[in-house]
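Secondary and tertiary structure notes
These are the residues of each chain, in order.
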Amino acid sequence: MTDGRRRFLTMLGVAAWAGPFARASAAAAPRVPVLVYHRFGATVADSMTVRETTFDAHLRVLRELRCTVVPLSDVVAWRRGELAQLPPRAVALTADDAHRSQAEVMAPMLRDTGWPVTLFVYPSAVSNASYAMTWEQLAALQATGRYRIESHTYWHPHLLRERRARSPADFERFATQQLVQSRDRLHERLGARPTLLAWPFGMTDDGLMALAASL
């Protein structure tokens, strides 16, 4: 087993299955790996880039493990107790930031799989930043029925840092604007209102969680 393959199996939480993947314990494991991607490329440009060859290897491992790729919304419903169970070896695929390579590299590599993907998007970059997808590209992905477009706030701020730098009232206005503008812009441009949120940098606190839930 190569080091890269072992790292990926460890990330999935199934490194112990490296022999007979069909063990009953594997099917019963009460965990669902959520794979988060950002950029894709022929070479590694930065720490957020996954090489095309590496991503292809990830997809081959998921097939070899006989994983079932499920929508992230199903994982959320399962965690909330709204869905009784998920398929054995369920895995969710997500990608953040609406990088162009998600449309130009990732989507073609996934085309024949039929697997669902959740994209977390901050709308200020879309059709504006050179690295980002256009609204037309996002709409085309959504039209396949396999890509769900969700919120990543409006322009990807570090919200805990912003909380420290602002008065409580100013921060609440700022955070509310980030959440509402993203929600409404995605709805306006794509026709579907987002129901999921990925926090920029993974940074949140109880107050932000309550605010997001209220919105």
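Here, residues in each chain are numbered from 1, in the same order as that chain's written sequence. Note on the predicted model: pLDDT of at least 70 is required for a residue's local features to be given, and 80 or more for side-chain atom pairs to be given and counted; whole-chain, interface and lining totals, by contrast, use all residues. By convention in this description, side-chain values take in all heavy atoms of the structure and omit both hydrogens and water.

**So, the packing of aromatic side chains**
Heads up, the condition is: Centres within 6.5 Å are what make two rings of Phe, Tyr or Trp a pair, Trp counting through its six-membered ring; a difference in plane orientation under 30 degrees is then read as stacked, over 60 as edge-to-face, and the rest as tilted. Three exposure classes are used, based on accessible area relative to the maximum for each residue type with a 1.4 Å probe and protein chains only: buried under 20%, partly exposed in between, and exposed over 50%. Where helices and strands are cited, they refer to DSSP runs of H or I of at least four residues and of E of at least two residues respectively, numbered from the N terminus.
One pass over the structure, following the stated rule, counts 4 aromatic pairs. Look at Tyr37 and Phe40: their rings are 5.6 Å apart centre to centre, the planes differ by 35 degrees, and that puts the pair in the tilted class. With respect to class, Tyr37 is no different from Phe40; both count as buried. Taken together, a centroid distance of 5.7 Å and an interplanar angle of 70 degrees make the contact between Trp155 and Phe174 edge-to-face. Note that Trp155 is positioned in the loop between strand 7 (147-151) and helix 7 (159-165) and Phe174 in helix 8 (residues 168-190), a separation of 19 residues in sequence. Residue Trp155 is classed as partly exposed on the basis of its relative accessible area of 41%. Residue classification places Phe174 among the buried positions, given a relative accessible area of 6%. Site record: aromatic cluster; members linked through ring pairs are Tyr37, Phe40 and Phe55.

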